[in-house]
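# Chain and residue survey
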Amino acid sequence: DAKTTQPPSMDCAEGRAANLPCNHSTISGNEYVYWYRQIHSQGPQYIIHGLKNNETNEMASLIITEDRKSSTLILPHATLRDTAVYYCIVRVANFGNEKLTFGTGTRLTIIP
Amino acid sequence: DTGVSQNPRHKITKRGQNVTFRCDPISEHNRLYWYRQTLGQGPEFLTYFQNEAQLEKSRLLSDRFSAERPKGSFSTLEIQRTEQGDSAMYLCASSLGPGVLFFGSGTQLSVL
(Lines give C-alpha, C1' and ligand atoms only; values in the text may rest on other atoms or scores of the structure.)
Protein backbone atom coordinates (compact mmCIF):
# COMPACT_ATOMS: atom_id res chain seq x y z
CA ASP A 1 0.00 0.00 0.00
CA ALA A 2 1.14 3.52 -0.82
CA LYS A 3 2.56 5.67 1.96
CA THR A 4 0.70 8.79 3.06
CA THR A 5 1.91 12.03 4.60
CA GLN A 6 -0.28 14.17 6.84
CA PRO A 7 0.44 17.22 9.02
CA PRO A 8 0.72 16.15 12.66
CA SER A 9 -1.76 18.71 13.93
CA MET A 10 -4.26 21.36 12.84
CA ASP A 11 -6.67 23.76 14.50
CA CYS A 12 -10.00 24.93 13.15
CA ALA A 13 -12.57 27.35 14.53
CA GLU A 14 -15.94 25.92 15.40
CA GLY A 15 -18.45 26.40 12.60
CA ARG A 16 -15.79 26.80 9.92
CA ALA A 17 -14.79 24.24 7.32
CA ALA A 18 -11.93 21.99 8.35
CA ASN A 19 -9.69 21.00 5.44
CA LEU A 20 -7.33 18.14 6.16
CA PRO A 21 -4.67 17.44 3.54
CA CYS A 22 -3.02 14.15 2.68
CA ASN A 23 -0.17 13.48 0.27
CA HIS A 24 0.06 10.09 -1.42
CA SER A 25 2.40 10.70 -4.31
CA THR A 26 3.17 6.99 -4.87
CA ILE A 27 -0.45 5.93 -5.17
CA SER A 28 -1.19 3.27 -7.77
CA GLY A 29 -4.07 3.29 -10.20
CA ASN A 30 -6.06 0.68 -8.32
CA GLU A 31 -5.57 2.15 -4.85
CA TYR A 32 -8.36 3.93 -3.03
CA VAL A 33 -8.05 6.74 -0.51
CA TYR A 34 -9.77 6.05 2.82
CA TRP A 35 -10.31 8.38 5.73
CA TYR A 36 -10.91 7.33 9.31
CA ARG A 37 -10.99 9.33 12.50
CA GLN A 38 -10.43 8.39 16.13
CA ILE A 39 -11.99 10.30 18.94
CA HIS A 40 -10.23 10.00 22.28
CA SER A 41 -10.78 6.63 24.00
CA GLN A 42 -12.75 5.22 21.09
CA GLY A 43 -11.94 2.98 18.15
CA PRO A 44 -11.41 4.47 14.69
CA GLN A 45 -14.49 5.45 12.74
CA TYR A 46 -14.81 5.16 8.97
CA ILE A 47 -15.57 8.49 7.29
CA ILE A 48 -15.34 8.21 3.52
CA HIS A 49 -13.34 6.74 0.66
CA GLY A 50 -12.80 7.36 -3.04
CA LEU A 51 -10.81 6.35 -6.09
CA LYS A 52 -10.57 9.39 -8.33
CA ASN A 53 -13.86 11.23 -8.27
CA ASN A 54 -14.80 13.58 -5.47
CA GLU A 55 -17.07 11.98 -2.92
CA THR A 56 -19.53 13.37 -0.40
CA ASN A 57 -21.55 11.78 2.36
CA GLU A 58 -23.32 12.96 5.48
CA MET A 59 -20.07 13.29 7.37
CA ALA A 60 -17.61 14.85 4.95
CA SER A 61 -16.40 15.51 1.42
CA LEU A 62 -13.32 14.00 -0.17
CA ILE A 63 -11.50 15.93 -2.87
CA ILE A 64 -8.89 13.99 -4.84
CA THR A 65 -6.58 15.87 -7.19
CA GLU A 66 -6.62 14.95 -10.85
CA ASP A 67 -3.19 13.31 -10.66
CA ARG A 68 -4.38 11.49 -7.48
CA LYS A 69 -1.19 12.36 -5.65
CA SER A 70 -3.00 14.21 -2.89
CA SER A 71 -6.43 14.58 -1.36
CA THR A 72 -8.32 16.76 1.09
CA LEU A 73 -10.95 15.75 3.59
CA ILE A 74 -13.43 18.53 4.22
CA LEU A 75 -15.64 18.77 7.28
CA PRO A 76 -17.99 21.54 6.16
CA HIS A 77 -19.11 22.94 9.51
CA ALA A 78 -16.78 21.72 12.21
CA THR A 79 -18.14 21.15 15.70
CA LEU A 80 -16.35 20.43 18.96
CA ARG A 81 -17.24 16.77 18.50
CA ASP A 82 -15.04 16.68 15.40
CA THR A 83 -11.94 17.01 17.57
CA ALA A 84 -10.09 13.78 16.81
CA VAL A 85 -7.12 12.20 15.07
CA TYR A 86 -7.80 11.83 11.35
CA TYR A 87 -6.10 9.08 9.37
CA CYS A 88 -5.62 9.03 5.62
CA ILE A 89 -5.03 5.50 4.28
CA VAL A 90 -4.34 4.34 0.76
CA ARG A 91 -5.01 0.73 -0.16
CA VAL A 92 -6.20 -1.57 -2.87
CA ALA A 93 -9.88 -2.32 -2.34
CA ASN A 94 -10.00 -5.98 -3.17
CA PHE A 95 -10.84 -9.09 -1.25
CA GLY A 96 -7.85 -10.94 0.05
CA ASN A 97 -5.96 -7.77 0.94
CA GLU A 98 -7.69 -6.76 4.11
CA LYS A 99 -5.06 -4.96 6.10
CA LEU A 100 -5.41 -1.23 6.77
CA THR A 101 -2.11 0.47 7.52
CA PHE A 102 -2.59 3.45 9.81
CA GLY A 103 0.02 6.18 10.12
CA THR A 104 0.08 8.70 12.95
CA GLY A 105 -2.60 10.90 11.38
CA THR A 106 -3.52 14.55 11.91
CA ARG A 107 -4.71 15.66 15.32
CA LEU A 108 -7.53 18.11 14.59
CA THR A 109 -8.58 20.44 17.37
CA ILE A 110 -11.79 22.41 16.99
CA ILE A 111 -11.58 25.67 18.87
CA PRO A 112 -14.73 27.22 20.34
CA ASP B 1 -26.64 -1.04 20.01
CA THR B 2 -25.61 -3.28 17.11
CA GLY B 3 -22.00 -2.12 16.86
CA VAL B 4 -18.82 -4.05 17.62
CA SER B 5 -18.62 -4.91 21.30
CA GLN B 6 -15.39 -5.55 23.20
CA ASN B 7 -14.96 -6.82 26.73
CA PRO B 8 -13.52 -5.94 29.09
CA ARG B 9 -12.93 -2.23 28.46
CA HIS B 10 -9.99 -2.19 30.83
CA LYS B 11 -7.73 -4.94 32.11
CA ILE B 12 -4.92 -4.60 34.62
CA THR B 13 -2.71 -7.62 35.10
CA LYS B 14 0.63 -8.56 36.53
CA ARG B 15 3.53 -9.52 34.33
CA GLY B 16 3.50 -13.21 33.55
CA GLN B 17 -0.26 -13.64 33.81
CA ASN B 18 -2.50 -14.72 30.95
CA VAL B 19 -5.30 -12.48 29.71
CA THR B 20 -8.17 -13.02 27.28
CA PHE B 21 -10.22 -10.42 25.47
CA ARG B 22 -13.51 -10.95 23.70
CA CYS B 23 -14.93 -9.29 20.61
CA ASP B 24 -18.50 -9.55 19.36
CA PRO B 25 -18.68 -8.26 15.79
CA ILE B 26 -21.66 -6.85 13.97
CA SER B 27 -23.79 -9.92 13.41
CA GLU B 28 -23.83 -10.12 9.61
CA HIS B 29 -20.13 -9.28 9.20
CA ASN B 30 -18.01 -12.26 8.16
CA ARG B 31 -14.66 -10.48 8.47
CA LEU B 32 -13.08 -9.78 11.85
CA TYR B 33 -9.81 -8.00 12.63
CA TRP B 34 -7.64 -7.41 15.65
CA TYR B 35 -5.41 -4.35 15.94
CA ARG B 36 -3.11 -3.04 18.66
CA GLN B 37 -2.53 0.63 19.43
CA THR B 38 0.07 2.21 21.66
CA LEU B 39 0.04 5.81 22.86
CA GLY B 40 0.61 8.33 20.09
CA GLN B 41 0.61 5.73 17.32
CA GLY B 42 -1.99 4.59 14.86
CA PRO B 43 -3.51 1.13 15.18
CA GLU B 44 -1.31 -1.76 14.00
CA PHE B 45 -2.78 -4.83 12.31
CA LEU B 46 -2.48 -8.09 14.23
CA THR B 47 -4.69 -10.65 12.56
CA TYR B 48 -7.73 -11.21 10.35
CA PHE B 49 -10.49 -13.81 10.16
CA GLN B 50 -12.91 -14.59 7.41
CA ASN B 51 -15.67 -16.53 9.10
CA GLU B 52 -13.83 -18.98 11.37
CA ALA B 53 -10.65 -19.11 9.30
CA GLN B 54 -7.66 -17.06 10.43
CA LEU B 55 -6.27 -15.93 7.08
CA GLU B 56 -3.53 -13.49 7.98
CA LYS B 57 -1.28 -12.86 10.95
CA SER B 58 1.16 -10.03 11.46
CA ARG B 59 4.69 -10.68 12.59
CA LEU B 60 3.68 -8.59 15.61
CA LEU B 61 1.61 -11.57 16.74
CA SER B 62 4.23 -13.50 18.68
CA ASP B 63 3.85 -17.08 19.87
CA ARG B 64 2.39 -15.75 23.12
CA PHE B 65 -0.61 -14.39 21.25
CA SER B 66 -3.43 -16.55 19.97
CA ALA B 67 -6.72 -15.57 18.41
CA GLU B 68 -9.75 -17.70 17.70
CA ARG B 69 -13.12 -17.23 16.13
CA PRO B 70 -15.12 -20.39 16.75
CA LYS B 71 -18.15 -20.81 14.52
CA GLY B 72 -17.36 -17.53 12.80
CA SER B 73 -19.11 -15.43 15.41
CA PHE B 74 -17.34 -13.86 18.39
CA SER B 75 -13.57 -13.85 18.66
CA THR B 76 -11.10 -14.09 21.52
CA LEU B 77 -7.55 -12.82 21.74
CA GLU B 78 -5.38 -14.43 24.39
CA ILE B 79 -2.00 -13.22 25.53
CA GLN B 80 0.04 -15.69 27.54
CA ARG B 81 2.81 -14.74 29.96
CA THR B 82 2.13 -11.04 29.56
CA GLU B 83 5.02 -8.60 29.40
CA GLN B 84 5.05 -4.87 30.10
CA GLY B 85 5.49 -4.26 26.39
CA ASP B 86 2.08 -5.79 25.79
CA SER B 87 0.45 -2.79 27.43
CA ALA B 88 -1.69 -1.22 24.72
CA MET B 89 -5.21 -0.73 23.45
CA TYR B 90 -6.46 -3.85 21.67
CA LEU B 91 -9.02 -3.03 19.02
CA CYS B 92 -11.41 -5.33 17.22
CA ALA B 93 -13.16 -4.49 13.97
CA SER B 94 -15.55 -6.22 11.62
CA SER B 95 -16.58 -5.69 8.03
CA LEU B 96 -18.51 -7.07 5.11
CA GLY B 97 -15.90 -6.09 2.58
CA PRO B 98 -12.43 -4.62 2.22
CA GLY B 99 -11.57 -1.17 3.50
CA VAL B 100 -14.68 -0.20 5.45
CA LEU B 101 -14.15 -1.45 8.97
CA PHE B 102 -16.30 -0.91 12.02
CA PHE B 103 -14.24 -0.75 15.19
CA GLY B 104 -15.15 -1.44 18.77
CA SER B 105 -14.07 0.82 21.62
CA GLY B 106 -11.16 -1.44 22.48
CA THR B 107 -9.72 -3.12 25.54
CA GLN B 108 -7.05 -1.14 27.36
CA LEU B 109 -4.46 -3.52 28.79
CA SER B 110 -2.04 -2.45 31.47
CA VAL B 111 0.66 -4.92 32.49
CA LEU B 112 2.30 -4.08 35.81
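Residues numbered from 1 in each chain as written. Chains lettered and ligands numbered in written order. Predicted model: local features only at pLDDT ≥ 70, side-chain atom pairs only at ≥ 80, totals over all residues. Heavy atoms only, no water.

Turning to unusual backbone geometry, a few remarks are in order. Backbone geometry follows two general trends: most residues other than glycine have a negative phi, and most peptide bonds adopt the trans configuration. The linkage connecting N7 of chain B with the following residue, P8 of chain B, adopts the cis geometry, with an omega of -10°. Assignment of secondary structure puts P8 of chain B in the loop between β1 (5-7) and β2 (10-13). (Helix = DSSP H or I, 4+ residues; strand = E, 2+ residues; numbered from the N terminus.)

Next up on the list: the pairing of strand β3 (residues 31-38) of chain A. All names here are of chain A. Of all the eight residues making up β3, seven are buried; the element is thus mostly covered by neighbouring parts of the structure. Bridge analysis of β3 against strand β8 (residues 84-92) gives eight bridges, and the strand direction is antiparallel. Residue V33 lies in a different strand from β8, and its bridge partner there is V90. In textbook terms, the turn of a hairpin is the stretch between consecutive antiparallel strands, and for β3 and strand β4 (residues 45-50) this stretch comprises six residues, one of which, S41, has a positive phi near 70°. (Buried < 20%, exposed > 50% of the residue type's maximum accessible area, 1.4 Å probe, protein only. Pairing = 2+ DSSP bridges.)

Residue and element names in this part refer to chain A. In the structure shown here, the tally under the stated rule is 12 aromatic pairs over all chains. Here the aromatic rings of Y36 and Y46 are separated by 5.7 Å at their centres, their planes lie at 70°, and the arrangement is edge-to-face. Remark: Y46 occurs in strand β4 and Y36 occurs in strand β3; sequence separation between them is 10 residues. Judged by its relative accessible area of 0%, Y36 falls in the buried class. (Phe/Tyr/Trp six-rings, centres within 6.5 Å; stacked < 30°, edge-to-face > 60°.)

This paragraph deals with the layout of surface pockets. Size it by volume and the largest pocket reaches roughly 610 Å³. Around the largest pocket, the lining is made up of 26 residues, and of these H40, S41 and R107 of chain A together with Q37 and L39 of chain B lie nearest the centre. Contributions of two or more residues to the lining of the largest pocket are made by β8 and β9 (106-111) of chain A together with β9 (88-95) of chain B. At four residues, β9 of chain A tops the list of elements feeding residues into the lining of the largest pocket. Residues belonging to the lining of the largest pocket are distributed by class as follows: nine nonpolar, 15 polar and two charged. What the second largest pocket holds in volume is close to 350 Å³. For the second largest pocket, the lining is made up of 18 residues, of which P44 of chain A together with G3, V4, F103 and G104 of chain B are closest to its centre. Broken down by secondary-structure element, the contributors of at least two residues to the lining of the second largest pocket are β3 and β4 of chain A together with β10 (102-103) of chain B. In the lining of the second largest pocket, the residues fall into eight nonpolar, eight polar and two charged. (1 Å grid on protein atoms, 1.4 Å probe; cavity = no way out; pocket = protein on both sides within 12 Å on 5 of 7 lines; lining within 4 Å. Points joined across faces, edges and corners; volume = space filled by probe spheres on them. Nonpolar A, V, L, I, M, F, W, Y, C, P; charged D, E, K, R; others polar.)

Interfaces are often sized by the accessible area lost when the parts come together. Tallying the contact residues gives 22 residues for chain B and 20 residues for chain A. Of all residues in chain B, the largest losses of buried area upon contact with chain A belong to P98, G99 and F103 of chain B, amounting jointly to 29% of the total for that side. Seen at the junction of chain B and chain A, the total is zero salt bridges. Summed over the shared surface of chain B and chain A, the result is seven residue pairs in polar contact (both at pLDDT 80 or more). Contributions of two or more residues to the side of chain B that touches chain A are made by β4 (31-37) and β5 (44-50) of chain B. Ranked by the residues each element gives to the side of chain B that touches chain A, the list is headed by β4 of chain B, at four residues. Taken together, the residues of the side of chain B that touches chain A sort by class into 11 nonpolar, eight polar and three charged. (Contact = heavy atoms within 4.5 Å. Buried area = accessible area lost by both parts, 1.4 Å probe. Salt bridge = Lys/Arg side-chain N within 4 Å of Asp/Glu carboxyl O. Polar contact = N/O pair within 3.5 Å; in protein donor to acceptor, adjacent residues only side chain to side chain.)

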